[in-house]
Amino acid sequence: TSDIDIEQELTRVGELLKSDPQQARAALAVLESAQAHFSPPQVIHLLILKSSVLGFFNQHHERVAYLNGFIDRVQDPNIKSKFLYHLSTSYAALGEYERALDAMNTSIALLPRVTDTIAKITSLQAAVTLLNSLYAYSEALSYANRMYDLPLLNQDLSAKCIASADRVEIYMMLKQRSLAREQMREAVDLCDKNGRTYVSQIVHSFAAIDLIDNQEYQSGINAGLTALRAFPSSMHTDYVSRLEDGLARAYLLTGRLVAAEQYGHLAYQHATEQKLAQETEKSLETLAQIKRAQAQYSAALGYAEKALAQKNALLDEQFQKNVAYQRVKFSMQDQSNQVALLEKQNKILAIEKQLEKKNSQNLWLIIALVMVVATALGLYLWKVILQKNFFRRTTQIDGLTRISTRGHFMTSAEEVVSVRNKVVSLILFDMDFFKRINDSFGHPVGDWVLIKVCQTVSAELRDGDLFGRLGGEEFAICLPNTDVEMAWQLAQRCRAAIAAIDAEPCGFQFPLSASFGIACIDQNDNRQFSTLLEAADKALYQAKSEGRNCVVVSNLMGTADIAHYQAKSDERNCVSA
Ligand SMILES: Nc1nc2c(ncn2[C@@H]2O[C@H](COP(=O)(O)OP(=O)(O)OP(=O)(O)O)[C@@H](O)[C@H]2O)c(=O)[nH]1
């Protein structure tokens with residue numbers, strides 16, 4: 001057997017099932033024996049056919065066992081929902097309403113994953129039918145509404161047609177006449193457009209019964225007869241039985257007892273054939289009334305008694321159904337409560353996560369804040385240091401001449417003298433007749449001279465020599481590790497350099513000179529800086545008094561060979577005052 005043969009045969013069995021169920025069953029058995037060669041989709045097709053055949057022959061026990069044998073292994077939600085529908089139908093037929101509801105709920109729960117529209121309609125329709133049979137009309141209505149609201153696929157009105165017909169039936173059961181009538185028009189319209197004339201016919205039959213219930217007997221009879229003729233003769237469903245019962249009542253109430261009895265019997269016959277408990281009871285009641293109208297009281301009593309027994313059975317069944325429904329509803333509620341609880345827990349988890357995120361965000365914020373504060377603090381400290389440096393510079397460096405201030409020089413020189421391990425020399429010098437320069441050429445020229453003198457002297461100094469401005473035009477040089485001879489030579493070089501300064505750049509021509517005093521202290525001498533300073537000052541004073549522009553060495557410290565330096569008097573350049 002080729003693939004095509006198998007496919008064709010499967011389709012043929014499906015069609016046979018509608019026309020010749022017996023033959024369909026035989027053909028299916030043949031197919032089953034060859035199923036080892038089937039592809040997986042073909043196996044599924046075969047399983048569906050087998051289940052349908054079992055259902056058709058009311059073999060519900062076998063069908064339930066058969067379906068439960070594999071249903072858990074079916075993955076595809078489209079196929080699974082179909083099997084669940086079969087299962088639910090069979091459980092309902094067996095009176096196992098709780099299981100029927102469970103199967104229904106499972107298939108409804110699959111709906112979000114079902115992609116096939118027909119499969120969706122089938123699941124929802126199964127729910128409507130089952131809930132209607134359990135008298136749970138408002139729940140049935142919610143599934144009908146859900147079906148009505150399914151998105152339209154390729155303008156296919158199937159779902160809307162079937163859902164509208166469901167609504168008509170439910171509104172009638174709920175005795176909401178105006179809603180039912182309104183919905184009838186829409187349902188017929190939708191189903192005719194959709195080519196589902198069979199569903200239209202069912203709605204027409206509802207319309208006829210509605211007219212009769214509303215005491216519009218003649219129009220009800222006309223509509224009912226038309227609807228009944230439109231049903232295929234082979235079809236004996238609850239709709240047919242209900243319509244026949246309606247016609248019987250209409251004929252009875254309009255005094256046409258023969259026709260009433262004819263339709264009453266038909267209704268009863270079709271109801272019992274299909275094991276329709278409600279329709280059986282209703283038709284028995286109608287028959288009892290007809291017999292009473294015909295004055296056949298014992299027959300009437302017989303039907304009435306049968307009707308009563310049927311009603312008792314019905315009440316019993318109704319009770320069973322109700323219990324089953326309430327129980328499942330309760331467990332559904334419980335499940336949905338659990339779902340709600342889980343959702344709440346998830347929400348709490350999500351909030352906790354958010355909180356965690358916020359916390360870590362806060363941590364980052366804190367880190368950022370600390371960094372900002374640290375940076376600001378660093379900047380502040382840096383500024384303070386800069387300010388301090390500036391302050392120190394301004395207190396340590398003379399603003400005009402850029403050499404040490406008096407204070408800074410004194411401290412540093414004192415330090416040098418106190419830690420000396422060799423001889424230290426100190427030179428003081430003072431510009432000669434500086435007042436005259438100021439007076440003759442102005443203060444700015446005097447300033448220029450001071451700057452120029454300091455640059456000139458600085459050029460003669462070594463690293464480590466200290467140079468400071470003691471005040472006005474008086475300066476000091478502290479020379480570590482320098483004996484009196486070296487100091488003398490340096491002082492002479494400085495003196496000569498100052499005397500050689502050309503004043504031209506400041507715009508005037510005038511001579512410059514300075515007087516120098518030197519004192520020297522060796523490492524064995526334990527006297528302090530102040531004594532050294534005093535000695536150098538005295539030597540400077542002497543240089544001034546001896547004629548200026550000369551160098552005088554102090555012998556106060558006992559370190560210098562004064563005779564030697566006096567002998568160099570021509571080199572001292574001093575001119576007698
Ligand atoms: N341009 C200028 N002049 C200053 C500064 N500091 C002090 N002086 C002036 O220096 C002059 C010092 O004069 P004196 O102490 O009489 O000494 P001198 O004129 O140099 O005379 P001898 O020292 O005896 O040679 C004063 O006129 C002060 O005003 C300064 O920073 N700039």
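Residues numbered from 1 in each chain as written. Predicted model: local features only at pLDDT ≥ 70, side-chain atom pairs only at ≥ 80, totals over all residues. Heavy atoms only, no water.

## Some thoughts on empty space enclosed by the protein
Here's step 1: One pass over the structure, following the stated rule, counts one cavity of 30 Å³ or more.
Here's step 2: If you add up the space inside the largest cavity, you get close to 50 Å³.
Here's step 3: Surrounding the largest cavity, T117, I121, L150, P151, L152, L153, D156, S158, A159 and K160 form its lining.
Here's step 4: Only helix 7 (117-133) and helix 9 (158-173) provide two or more residues apiece to the lining of the largest cavity.
Here's step 5: It is helix 9 that provides the largest number of residues to the lining of the largest cavity, a total of three residues.
Here's step 6: Of the residues assigned to the lining of the largest cavity, the class counts are six nonpolar, two polar and two charged. (1 Å grid on protein atoms, 1.4 Å probe; cavity = no way out; pocket = protein on both sides within 12 Å on 5 of 7 lines; lining within 4 Å. Points joined across faces, edges and corners; volume = space filled by probe spheres on them. Helix = DSSP H or I, 4+ residues; strand = E, 2+ residues; numbered from the N terminus. Nonpolar A, V, L, I, M, F, W, Y, C, P; charged D, E, K, R; others polar.)

## What about helix 20 (residues 484-499)?
Here's step 1: Here helix 20 contains 16 residues, and its C-alpha end-to-end distance of 22 Å stays within 8% of the 22 Å for a straight helix at 1.5 Å per residue.
Here's step 2: Along helix 20, the residues classified as buried are V484, A487, W488, L490, A491, Q492, C494, R495, A497 and I498. (Expected span 1.5 Å × (residues − 1). Buried < 20%, exposed > 50% of the residue type's maximum accessible area, 1.4 Å probe, protein only.)

## Regarding a nonpolar patch on the surface
Here's step 1: On the surface, a cluster of nonpolar side chains totalling about 460 Å² of accessible area is made up of L363, W364, I367 and M371.
Here's step 2: Along the chain, the position of L363 falls in helix 16 (residues 297-396). (Patch = residues over 30% accessible without salt bridge, like charges linked within 9 Å, V, L, I, M, F, W, Y side chains within 5 Å. Areas by Shrake-Rupley, 256 points an atom, 1.4 Å probe, with all protein chains shown as cover. Salt bridge = Lys/Arg side-chain N within 4 Å of Asp/Glu carboxyl O.)

## Description of the UniProt feature "repeat: TPR" (unreviewed entry) in the protein
Here's step 1: Listed under "repeat: TPR" (unreviewed entry) in the UniProt record, and renumbered for this structure, are residues 81-114.
Here's step 2: The straight-line gap between the two end C-alpha atoms of residues 81-114 is 8 Å; of that span, 79% is helix and 0% is strand. (UniProt positions renumbered as here; feature names shortened; annotations may be inferred.)

## A closer look at the environment of A34
Here's step 1: With respect to the helices, strands and loops of the structure, A34 is situated in the loop between helix 2 (21-33) and helix 3 (40-56).
Here's step 2: Using a relative accessible area of 23% as the deciding quantity, one classes A34 as partly exposed.
Here's step 3: Here the alpha-carbon distance between A34 and I6, two residues 28 residues apart in the chain, equals 9.2 Å.

## Here we look at the pairing of strand 4 (residues 514-521)
Here's step 1: The element strand 4 is extensively covered by neighbouring structure, given that eight of its eight residues are classed as buried.
Here's step 2: Residues of strand 4 alternate between two faces, with A514, F516, I518 and C520 on one and S515, G517, A519 and I521 on the opposite face, all of them buried.
Here's step 3: Here strand 1 (residues 424-431) runs beside strand 4; their pairing, made up of eight bridges, is antiparallel. Its bridge partner being in strand 4, M431 is matched across the sheet by A514.
Here's step 4: In terms of strand pairing, strand 4 meets strand 5 (residues 551-553) through three bridges, oriented parallel. Residue pairing in the sheet places I518 in a bridge with V553 of strand 5. (Pairing = 2+ DSSP bridges.)

## Topic: the nonpolar core
Nonpolar side chains in soluble globular proteins generally cluster together in the buried interior.
Here's step 1: F83, L101, M104, L131, Y143 and M147 are the most contacted members of the largest nonpolar core, which totals 88 residues.
Here's step 2: The contact partners of M104, leaving out residues within four places of it in the chain, are S88, A127, L130, L131 and Y143.
Here's step 3: Formed by 36 residues, the second largest nonpolar core is a distinct cluster that contains V449, L490, I498 and V553. (Core = buried A, V, L, I, M, F, W, Y, C linked by side-chain atoms within 4.5 Å. Contact = heavy atoms within 4.5 Å.)

## A short note on the site of the ligand
Here's step 1: Taken together, 16 residues lie near the ligand, and F433, F434, N438, D447 and R469 sit nearest.
Here's step 2: Here an oxygen atom of the ligand and a side-chain polar atom of R548 are 2.9 Å apart.
Here's step 3: Of all the elements in the fold, those that place two or more residues in the shell around the ligand are strand 1, helix 18 (434-441) and helix 19 (443-458).
Here's step 4: Top element by residues in the shell around the ligand is helix 19. It accounts for four residues. (Near = heavy atom within 4 Å. Polar contact = N/O pair within 3.5 Å; in protein donor to acceptor, adjacent residues only side chain to side chain.)

## Thoughts on unusual backbone geometry
A negative phi angle characterises most non-glycine residues, just as the trans form characterises most peptide bonds.
Here's step 1: A positive phi angle is found at K175, which is not glycine, with a value near 60°.
Here's step 2: Position of K175 among the secondary structure elements: in the loop between helix 9 and helix 10 (177-194).
Here's step 3: Backbone geometry at N549 places phi at a positive 50°, although glycine is not the residue there.
Here's step 4: Tracing the sequence through the fold places N549 in the loop between helix 21 (529-545) and strand 5.

## Some thoughts on the packing of helix 17 (residues 406-418) against helix 21
Here's step 1: As a packed pair, helix 17 and helix 21 sit with axes 9 Å apart at the nearest point and diverge in direction by 110°. On the basis of their axis angle, the class for helix 17 and helix 21 is roughly perpendicular. Facing F409, M410, A413, E414 and V417 of helix 17, the residues of helix 21 in contact are F529, L532 and L533.
Here's step 2: By residue class, the composition of the contact of helix 17 with helix 21 is seven nonpolar, no polar and one charged. (Axes fitted to C-alpha atoms, helices over the stretch in contact; angles between N-to-C directions. Parallel < 35°, antiparallel > 145°, perpendicular 65-115°, else oblique.)

## Quick notes on the sheet that holds strand 3 (residues 474-480)
Here's step 1: With mixed pairing, five strands are arranged side by side in an open sheet as 2-3-1-4-5. Bordering the open sheet on either side are strand 2 (466-471) and strand 5, each of which pairs with just one other strand. Neighbour-to-neighbour, the strand axes of this sheet turn through a mean angle of 20°, independent of strand direction.
Here's step 2: Strands strand 1, strand 3, strand 4 and strand 5 of the sheet are contacted by helix 21, whose axis makes an angle of about 145° with strand 4.

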